[in-house]
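Chains, contacts and geometry: an overview
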Amino acid sequence: MKKSIATILLSALSLMAMAQEEASYYLPRTALRFTISVEKTSYTPGEFCQFAERFLKKRAESLPSEQFKIIGVQVEGVGVPDTTKQFLAKTDPKRNINMVNRDANGVLLSINTKLTASQQPTTAPRRPAQQPTLNPHDYMGQEILSAGSQAKMAELTAQEIYNIRDSKIQLSRGQADFMPNDGEQMKIMLRQLDTQEAALLQTFEGITLRDTLQLHVDYMPQKEVSREPLFRFSRHFGLVDADDLSGTPYYIYIEDLHHMPTIMVAAEQGKKDKKSEGIYVNLPGKIKVTVASDEGRLLSEDIYAAQFGKMEMIDPNLFSKKLTTSIILNPATGNLESIKTVAEE
């Protein structure tokens, strides 16, 4: 039994040593994340909506409704592991690699340095819905509240609205029975009358609230495409399923611009097959991303995507014991964002 335990401990120590000598990592593919800003308008009918035309000479909707409208689209790259680009960063005594940072999915973020700033995608903050702050019943007198029928309450409320309007006209003309002493008092009185009128008008016109929603659609580009369906959007239901014909189709166009950044620390051509010797990075390609419907274009933007470029290995000599080299990669593209080298004394 003792021998068996010793054997297990030796095996565990051996596995730990191997883990310390080799750190597996992925380079990313670049997915496109579209953030669609949608304005949602919600309408709630007023309790006297059916009397609006009779007493206020204006028509009011009697049914609640919701409407949606796209007010903006943004796109950003998001890195996901490319399983065809898995490598080992050797941390044995021959190489000066003592720190390998990866994200939760194993995508390489940096070597020999910690990230000091978050590289989270930025999106527009969600604007909360406007909340009604006025209760019309707080502005109704006893005569209105004690009326025997809804029609009578509506009639008296409409009369009160007209009285408020008459009071504002008399104040502005200087003909009110009780005129304010100065301009500041005038502003306060007019503001109070405006509030009363707005509260009572809600009983006929209803309440309209607007909210801004942030919706997300992800897309993985693989090649150039033209007029490929991306999502459908309905004025009445918002973002709907791709097969829901109630929504208007929006299409994506991908154009390869055949442009890549350069890297000055690539390994020599003959060394690139020795995948265990160096650290690999992506040289992403630039693409033009366009989103449009039959009614017009929503977005057109250039963005770098790893799968439209190529891969390079950094010169292994930069990670020799004589040098301390730290690198930071773009988490969405795997591109080399920074490199610092310090000679060991």
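The sections below set out a description of the structure shown in this document. (Residues numbered from 1 in each chain as written. Predicted model: local features only at pLDDT ≥ 70, side-chain atom pairs only at ≥ 80, totals over all residues. Heavy atoms only, no water.)

1. A closer look at the packing of helix H4 (residues 150–173) against helix H5 (residues 183–205)
At a minimum axis separation of 10 Å, H4 and H5 run at an interaxial angle of 155 degrees. Taken together, the axes of H4 and H5 are roughly antiparallel relative to one another. Relative to H5, the crossing made by H4 is left-handed. Here H4 contributes Ala154, Thr157, Ala158, Glu160, Ile161, Ile164, Arg165, Ser167, Lys168 and Leu171 to the contact with H5, which in turn contributes Met186, Met189, Leu190, Leu193, Asp194, Gln196, Glu197, Leu200, Leu201, Thr203 and Phe204. Here the contact of H4 with H5 is composed, by residue class, of 12 nonpolar, four polar and five charged. (Axes fitted to C-alpha atoms, helices over the stretch in contact; angles between N-to-C directions. Helix = DSSP H or I, 4+ residues; strand = E, 2+ residues; numbered from the N terminus. Parallel < 35°, antiparallel > 145°, perpendicular 65-115°, else oblique. Left-handed = near helix turned anticlockwise from the far one by under 90°. Contact = heavy atoms within 4.5 Å. Nonpolar A, V, L, I, M, F, W, Y, C, P; charged D, E, K, R; others polar.)

2. Some words on the pattern of salt bridges
For the structure shown, the criterion picks out 12 salt bridges. Between Glu61 and Arg59 there is a salt bridge, with its nearest N and O atoms 2.9 Å apart. We classify Glu61 as partly exposed; its relative accessible area is 43%. For the salt bridge of Asp294 with Arg227, the shortest nitrogen-to-oxygen distance reads 3.0 Å. Here Asp294 is found in the loop between strand E9 (280–293) and strand E10 (296–313), whereas its partner Arg227 is found in strand E6 (residues 225–234), with 67 residues between them in sequence. Its relative accessible area of 58% is what places Asp294 among the exposed residues. Taken together, the shared-partner salt bridges in this structure form one network comprising Arg165, Lys168, Asp194 and Glu197. (Salt bridge = Lys/Arg side-chain N within 4 Å of Asp/Glu carboxyl O. Buried < 20%, exposed > 50% of the residue type's maximum accessible area, 1.4 Å probe, protein only.)

3. Section: the sheet that holds strand E5 (residues 207–219)
Pairing within the open sheet is antiparallel, and its three strands lie in the order E2-E1-E5. The sheet is open, and its two borders are formed by strand E2 (65–90) and E5, each paired with just one other strand. Averaged over all pairs of adjacent strands, the angle between strand axes in this sheet comes to 15 degrees, irrespective of strand direction. Strand direction decides the pairing type here: strand E1 (residues 22–44) and E2, joined by 21 bridges, are antiparallel. What sits directly across from Ser24, in E2, is Leu88. (Pairing = 2+ DSSP bridges.)

4. Section: the sheet that holds E10
The five strands are arranged E7-E6-E8-E9-E10 in an open sheet whose pairing can be described as antiparallel. The open sheet has two edge strands with one neighbour each: strand E7 (238–240) and E10. Going across the sheet, the axis of each strand differs from the next one's by a mean of 35 degrees, ignoring polarity. Pairing of strand E8 (residues 248–256) with E9, which is carried by six bridges, proceeds in the antiparallel orientation. Each bridged residue has a counterpart across the sheet, and for Tyr253 the counterpart in E9 is Thr290.

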